[in-house]
Amino acid sequence: MKDIQEVKERILNLLGSIDRKGIDKVIKYLEESDFFIAPASTRFHGNYEGGLGEHSLNVYELFKEKNERYDFGLSEDTVKIVSLLHDICKVNFYTVYDKNVNIAGAGEKPKWIKQPAYGVKDDLPIGHGEKSVIRLLQFMSLTKDEILMIRWHMGGYEPKENLNNISAAWNMCKAATALHTADLESSYILEEHFEPGENKNQTKLRGVR
Ligand SMILES: [Fe+2]
Ligand SMILES: [Fe+2]
């Protein structure tokens, strides 16, 4: 796990270096939200305080490498926008509730305690990639490639009726495949996750709304 303050400073520096009308509004929105303390998910990866910021920065670092390796020719601003902001749909999205957890060992009598756990409260339920795109468009413009990359960053985790569109989009914009794989590598190779009831998890829930 990375230091929350360090992650926040790096992300704000990177976003602050983007030359696009409206990026200042995105930055203000993030600073006034839970973006830097929210988890990245409830249970799959980065489910601890600061997980979303850490995940966004990891995706940026991997995607920046892929842009060079595959010579996609994306501008630095595009790399920053699509990687750091692909999950902006998760801002003010997670809640904390008391979950009943059995802490007894195998074969022992059940022992239930309440432990804080992450839940979800979506105030704009319009999808995942869709929500990130639309939220960003409320603040600034996006190019067609940026829309394709952010919209389809979940790849094969989308419902199967979307798979034809994903293929078409990825053939149109090869870098969109790389944003998806950067997201996946970051989530399952670089980030930790905690099972319900793990003590460490409990200490990582402070302050999240
Ligand atoms: Fe996502
Ligand atoms: Fe992500």
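Structural data are supplied above this passage.
Residues numbered from 1 in each chain as written. Chains lettered and ligands numbered in written order. Predicted model: local features only at pLDDT ≥ 70, side-chain atom pairs only at ≥ 80, totals over all residues.

1. Notes on the overall build of the protein chain
The condition is simple: Secondary structure counts use DSSP, requiring at least four H or I residues in a row for a helix and at least two E residues in a row for a strand, with both numbered from the N terminus. When we talk radius of gyration, it's over C-alpha atoms, and the globule rule is simply 2.2 Å times the number of residues to the 0.38.
For the protein chain, the helix and strand inventory stands at nine helices and two strands. Its helices and strands taken in sequence order, the protein chain reads α-α-α-α-β-β-α-α-α-α-α from the N to the C terminus. What you see for the protein chain is a C-alpha radius of gyration of 18 Å, in line with the 17 Å of a compact globule of 209 residues. Viewed in the frame of its principal axes, the protein chain has a C-alpha envelope of about 60 × 35 × 30 Å.

2. Comments concerning the nonpolar core
Definition in use: Joining buried Ala, Val, Leu, Ile, Met, Phe, Trp, Tyr and Cys residues through C-beta atoms within 7 Å gives a set, and that set is a nonpolar core. Three exposure classes are used, based on other C-beta atoms lying within 10 Å of a residue's own C-beta, which is placed from the backbone: buried for 20 or more, exposed for 12 or fewer, and partly exposed in between. Distance between backbone-placed C-beta atoms decides contact: two residues are in contact if it is within 7 Å.
Counting 46 residues, the largest nonpolar core has Phe 63, Val 82, Leu 85, Met 149, Ala 175, Ala 176 and Leu 179 as its most contacted members. Only α1 (4-16), α2 (23-31), α3 (51-69), α4 (76-84), β2 (112-120), α5 (129-137), α6 (144-151) and α8 (174-190) provide two or more residues apiece to this core. Counting residues per element, this core draws most heavily on α3, at six residues. Non-local contacts of Ala 176, meaning those with residues more than four positions away in its chain, are made with Leu 148, Met 149, Trp 152, Ala 169 and Trp 170.

3. Focus: α4
For an α-helix, the turn length of 3.6 residues means that residues three or four places apart are oriented alike. Summarising burial for α4: seven of the nine residues are buried, a large majority. Residues of α4 that are buried include every one of Thr 78, Val 79, Lys 80, Ile 81, Val 82, Ser 83 and Leu 84, and no others. If you follow the buried residues of α4, they end up packed against α1, α3, α6 and α8.

4. Some remarks on the environment of Leu 30
Residue placement: Leu 30 occurs in helix α2. The sequence separation of Leu 30 and Gly 46 amounts to 16 residues, and the corresponding C-alpha distance is 18 Å. The residues touching Leu 30, leaving out its near neighbours within four places in the chain, are Phe 35 and Val 91.

5. A word on α8
Under the convention used in this document: Here the expected span of a helix is defined as 1.5 Å times the quantity of residues minus one.
Helix length check: α8, at 17 residues, gives a terminal C-alpha distance of 23 Å against a target of 24 Å (1.5 Å per residue), a fit within 8%. If you check which residues of α8 are buried, you get Ala 175, Ala 176, Thr 177, Ala 178, Leu 179, His 180, Ala 182, Asp 183 and Ser 186. At its buried positions, α8 is contacted by α3, α4, α6 and α7 (163-172).

6. Topic: unusual backbone geometry
Although it is not a glycine, Asp 71 adopts a positive phi angle of roughly 55°. Secondary-structure assignment places Asp 71 in the loop between α3 and α4.

7. What to know about the environment of Glu 161
With respect to the element layout, Glu 161 can be found in the loop between α6 and α7. Residues Glu 161 and Arg 10 lie 151 residues apart in sequence; the distance between their C-alpha atoms is 38 Å.

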